[in-house]
Amino acid sequence: TDQALQQSVDELSMLQQLDRDLNATLDLNHILNITLDRMLAMCGGVSGVIVLLDEEDSPNQYVSRGYDRSFQAEPDMFNAGLIGRVVASKEPHVTGNVHEEPDYVVINFRTQSQITLPFINKQELIGVIAIESDQLDAFSPELTATAVRITNHAAIAIANAILYQKVNEANLAKSEFVSMVSHELKTPMTSMRGYTDLMLSGMTGELTEQQRKFLETIAANIRRMGRQISDLTDISRIETGRLHMVIEPTAVVQVVNETLQTVQPLCQEKNIRLNLELPEDLPPVLADKNRLVQVLTNLLSNACKYSPPDTETRLAFEEKLLPDENGVDKPMVLCTVADQGYGISEEDQKKLFAKFFRSEDANIRQSQGTGLGLSITKGIIELQGGAIWVESKLGQGTTFYFTIPAAHPV
Ligand code: ADP
């Protein structure tokens, strides 16, 4: 009894360890490799393979161990042999002597016995594992029972990883679709903008006051559509890793000047005072200048949009030594954008950088927006090797901080 109990305890702790290892990742290949290695070690196998099946139960992917180097199977090959048999029956199969099996196909000439088990998740067959041994009758009923339990645990992890892979593929397909559509929209937009500008210039004939007003409304909306399209393009480029950046030493003062050209009129409209703290000895930063202008424009125009009139916004820069992901101190420039606006609730702060997020707050909804700006901003800052974070109190104001690597020496 003691021995049987000890065996159960050992098996349980082995399964626990396996679960921990499997749950630590969503990488399908890694999960398949862990499962195959554990099964080989547990059964004392000389070779083995895990084959995954598609929706039609056709083999579409495999990992293997212990076969001859020249073994390069086409997934189709697993339609036959003992694996094909388990795919058809969905039942475990154990043979003490493969040479007595009519279905057996030789891959490893040392193989004497084989265990072949289905991976079943929610009644669906998702794959099959085969472990081969160079001993006759290598798989006792106890060993088989443990192996079945391992495959049951692994099946869940494999199914999750497949799902994760599918979600990622769907996400990528969506990003590529958005990228294609936004690119296609650019040509008709350019034509619309061109003709509107031409008519507004008076070259196509005198305009009545009303015609001019209508055309100006059209032109303003075309500009807005253009901004939305370029936001969508940026987001899909960030997501697919195709955002092109030219990172070089850049003077912050130049970035600030360019940004203020667009932002100052917005501030003046609402009588928001902009206080700038830009130390003379601030080093240049390693950044893409136009993208940095985009980041600063987004943060400052948000500060204006989401603040009541007659308030102040502070824009400050300072050099700081900050630890990188390896804990090594790096010279960075820290930028602070602090407003006295409507603020962001703690609940909203958690979702702030997600795509399309906009607060439900009525004050916020008064201003137009797509909810893409901060998500793009975060993407650009991280691609430049910096970080962004926020501190905010509802009704009191919001402070965004972001960092950019300093360019040392110039
Ligand atoms: P948009 O401004 O187009 O809505 P953003 O991605 O720039 O998109 O911002 C997302 C949301 O974050 C805003 O809709 C608002 O709810 C909140 N937000 C951003 N900046 C501020 C700020 N300075 N003060 C208060 N809320 C802000």
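Read on for an overview of the structure. Here, residues in each chain are numbered from 1, in the same order as that chain's written sequence. Local features in this predicted model are restricted to residues whose pLDDT is 70 or higher, and side-chain atom pairs enter the listing and the counts only when it is 80 or higher, whereas totals over whole chains, interfaces and linings include all residues. Heavy atoms from the whole structure form the basis of all side-chain values; hydrogens and water molecules are not counted.

The next point concerns the packing of aromatic side chains. Stacked, edge-to-face and tilted labels apply to pairs of Phe, Tyr and Trp rings (six-membered ring for Trp) whose centres lie within 6.5 Å, assigned for plane angles under 30 degrees, over 60, and everything in between, in that order. Scanning the entire structure with this criterion turns up two aromatic pairs. An angle of 80° between the planes, with centres 6.4 Å apart, marks the rings of Phe353 and Phe400 as edge-to-face. Placement of Phe353 in the loop between helix H8 (346-351) and helix H9 (362-365) and of Phe400 in strand S12 (residues 397-405) is noted, with a sequence separation of 47 residues between them. Any residue under 20% of the maximum accessible area for its type is buried, any over 50% is exposed, and the rest in between are partly exposed; the area is computed with a 1.4 Å probe on protein chains only. Judged by its relative accessible area of 6%, Phe400 falls in the buried class. Strands here are runs of E lasting at least two residues and helices are runs of H or I lasting at least four, both read from the DSSP assignment and numbered beginning at the N terminus.

A word on the site of the ligand. When we say a residue is near a molecule or strand, we mean one of its heavy atoms is within 4 Å of it. The ligand sits among 21 residues. The nearest are Asn302, Tyr306, Asp339, Arg358 and Leu374. In the analysis that follows, any N or O atom pair within 3.5 Å is treated as a polar contact, provided that within protein one partner can donate a hydrogen and the other can accept it, and provided that, for residues neighboring in sequence, both atoms belong to side chains. Between an oxygen atom of the ligand and a side-chain N or O atom of Lys305, the distance comes to 3.1 Å. Between the ligand and Gly373, the relevant distance is 3.2 Å, taken from an oxygen atom to a main-chain nitrogen or oxygen of the residue. Throughout, the Shrake-Rupley method with a 1.4 Å probe supplies accessible areas, and for residues the shown protein chains are the sole cover considered. When isolated, the ligand has an accessible area of 530 Å², and the protein chains bury 98% of it. Of all the elements in the fold, those that place two or more residues in the shell around the ligand are helix H7 (289-305), helix H10 (373-383) and S12. The element best represented in the shell around the ligand is H7, accounting for four residues. Residues of the shell around the ligand, tallied by class, amount to nine nonpolar, nine polar and three charged. Nonpolar residues are Ala, Val, Leu, Ile, Met, Phe, Trp, Tyr, Cys and Pro. Charged residues are Asp, Glu, Lys and Arg, and all others, Gly as well, are polar.

Once that is clear, we can look at the nonpolar core. By convention a nonpolar core is built from buried Ala, Val, Leu, Ile, Met, Phe, Trp, Tyr and Cys residues, the set being connected through side-chain atoms within 4.5 Å. The biggest cluster of nonpolar side chains holds 41 residues, and the ones touching the most others in it are Leu296, Leu299, Leu315, Phe317, Leu352, Phe400 and Phe402. Residue assignment for this core shows that the elements contributing at least two residues are helix H6 (252-269), strand S8 (285-287), H7, strand S9 (312-323), strand S10 (329-339), H10, strand S11 (388-393) and S12. The leading source of residues in this core is H7, at eight residues. Any two residues whose heavy atoms approach within 4.5 Å are treated as being in contact. In this view, Leu315 contacts Val256, Asn275, Leu276, Glu277, Leu296, Leu300, Cys335, Thr336 and Val337; residues no more than four positions away in its chain are not counted.

By the element assignment, Gln114 lies in strand S4 (residues 113-121). Since its relative accessible area comes to 3%, Gln114 is described here as buried. Within the local environment of Gln114, its side chain forms a polar contact with the side chain of Thr116, the two groups lying 3.1 Å apart. With residues near it in sequence (within four places) discarded, Gln114 still touches Leu82, His93, Val94, Thr95, Val98, Tyr104, Ala130, Ile131, Glu132 and Phe139.

A few words on the pairing of S10. Burial within S10 is extensive, with eight of its 11 residues counted as buried. Examined bridge by bridge, S9 and S10 share 11 bridges and lie antiparallel to one another. For Phe317, the partnering residue across the bridge sits in S10 and is Cys335. Whether two strands pair depends on DSSP finding at least two bridges between them. Counting the residues that bridge the hairpin from S9 to S10 gives five residues, and of these Gly327 lies at a positive phi of roughly 80°. Across seven bridges, the pairing between S10 and S12 is antiparallel. Across the sheet, the residue bridging to Thr336 is Tyr401, located in S12.

Our focus in this paragraph is unusual backbone geometry. Here the phi dihedral of Asp57 falls at roughly 65°; this positive angle occurs in a residue that is not glycine. Structurally, the position occupied by Asp57 is in the loop between strand S1 (47-53) and strand S2 (59-65). The partly exposed category is assigned to Asp57, whose relative accessible area is 24%. Here the phi dihedral of Asn271 falls at roughly 55°; this positive angle occurs in a residue that is not glycine.

Quick look at H10 now. Most of H10 sits inside the fold, with eight of its 11 residues counted as buried. Within the sequence span of H10, burial applies to Gly373, Leu374, Ser375, Ile376, Thr377, Gly379, Ile380 and Ile381. Check the buried side of H10 and you find it contacts helix H5 (209-239), H7, S11 and S12. At the C-terminal side of H10, Gly385 shows a positive phi close to 90°.

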